[in-house]
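# Fold and geometry: a report
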Amino acid sequence: QVQLVESGGGLVQAGGSLRLSCAASGRPFSNSVMGWFRQAPGPEREFVAAITWHGGRTLLAESVKGRFTISRDNAKNTVYLQMNSVKPEDTAEYFCAAAFSGHIIVTGASDYDYWGQGTQVTVSS
């Protein structure tokens, strides 16, 4: 079965950097889109970034564009979210997700089929 295991969260000062990792297993991901979402206290799960597994095409939310990058290591079945110049408003629980949507990058939480357990990122001012 599909499993997504996240790591790398923690406490970081504003302006600092953090790298989140998502280790994927359980089935081939060649036809998947991998996404990062975040959720502050409340019901909304916000799109952050996505990448196609095969071609490495990316899409970032406007709120993180220029600061965050998403990448993947196909050999390691791992997706990364590099967070630079973090701000207090980046504080949230971050989730890795997989959508088997082929070449199309999707940004809605309901479009994703599998989710990791979440990892907390807290940015201090």
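Residues numbered from 1 in each chain as written. Predicted model: local features only at pLDDT ≥ 70, side-chain atom pairs only at ≥ 80, totals over all residues. Heavy atoms only, no water.

## Here we look at the overall build of the protein chain
The secondary structure content of the protein chain amounts to 0 helices and 11 strands. Each helix and strand of the protein chain, ordered N terminal to C terminal, gives the series β-β-β-β-β-β-β-β-β-β-β. Computed over the C-alpha atoms, the radius of gyration of the protein chain is 13 Å, within 12% of the 14 Å expected from 2.2 N^0.38 for a compact globule of 125 residues. Once the C-alpha set of the protein chain is aligned to its principal axes, its extents read approximately 40 × 30 × 25 Å. Every one of the 125 residues in the protein chain was classed for burial, and the buried ones make up 43%. (Helix = DSSP H or I, 4+ residues; strand = E, 2+ residues; numbered from the N terminus. Rg over C-alpha atoms; globule rule 2.2 N^0.38 Å. Buried < 20%, exposed > 50% of the residue type's maximum accessible area, 1.4 Å probe, protein only.)

## Digging into the pattern of salt bridges
Counted by the stated rule, this structure contains 3 salt bridges. Among the salt bridges present, the one from Asp90 reaches Arg38, with a minimum N-O distance of 2.9 Å. With Asp90 in the loop between strand 8 (78–83) and strand 9 (92–99) and Arg38 in strand 4 (residues 33–39), this pair connects stretches of sequence that are 52 residues apart. As a salt-bridge pair, Asp90 and Arg67 come within 2.8 Å of each other at their nearest N and O atoms. Note that Asp90 is positioned in the loop between strand 8 and strand 9 and Arg67 in the loop between strand 6 (58–60) and strand 7 (68–73), a separation of 23 residues in sequence. For the pair shown, Asp90 and Arg67 are each scored as buried. Overlapping salt bridges, with partners in common, bring together Arg38, Glu46, Arg67 and Asp90 in one network. (Salt bridge = Lys/Arg side-chain N within 4 Å of Asp/Glu carboxyl O.)

## Considerations on the nonpolar core
A general tendency of soluble globular proteins is for nonpolar side chains to be buried together. Membership of the largest hydrophobic core comes to 37 residues, with the highest contact counts inside it found for Met34, Trp36, Leu81 and Tyr94. Mapped by element, the contributors of at least two residues to this core are strand 3 (18–25), strand 4, strand 5 (46–52), strand 7, strand 8, strand 9 and strand 11 (119–124). If one sorts the elements of this core by residue count, strand 9 sits on top with 6 residues. (Core = buried A, V, L, I, M, F, W, Y, C linked by side-chain atoms within 4.5 Å.)

## Brief notes about the environment of Ser30
Position of Ser30 relative to the elements: it lies in the loop between strand 3 and strand 4. Taking the C-alpha atoms as reference, Ser30 lies 33 Å from Glu89; in sequence the two are 59 residues apart.

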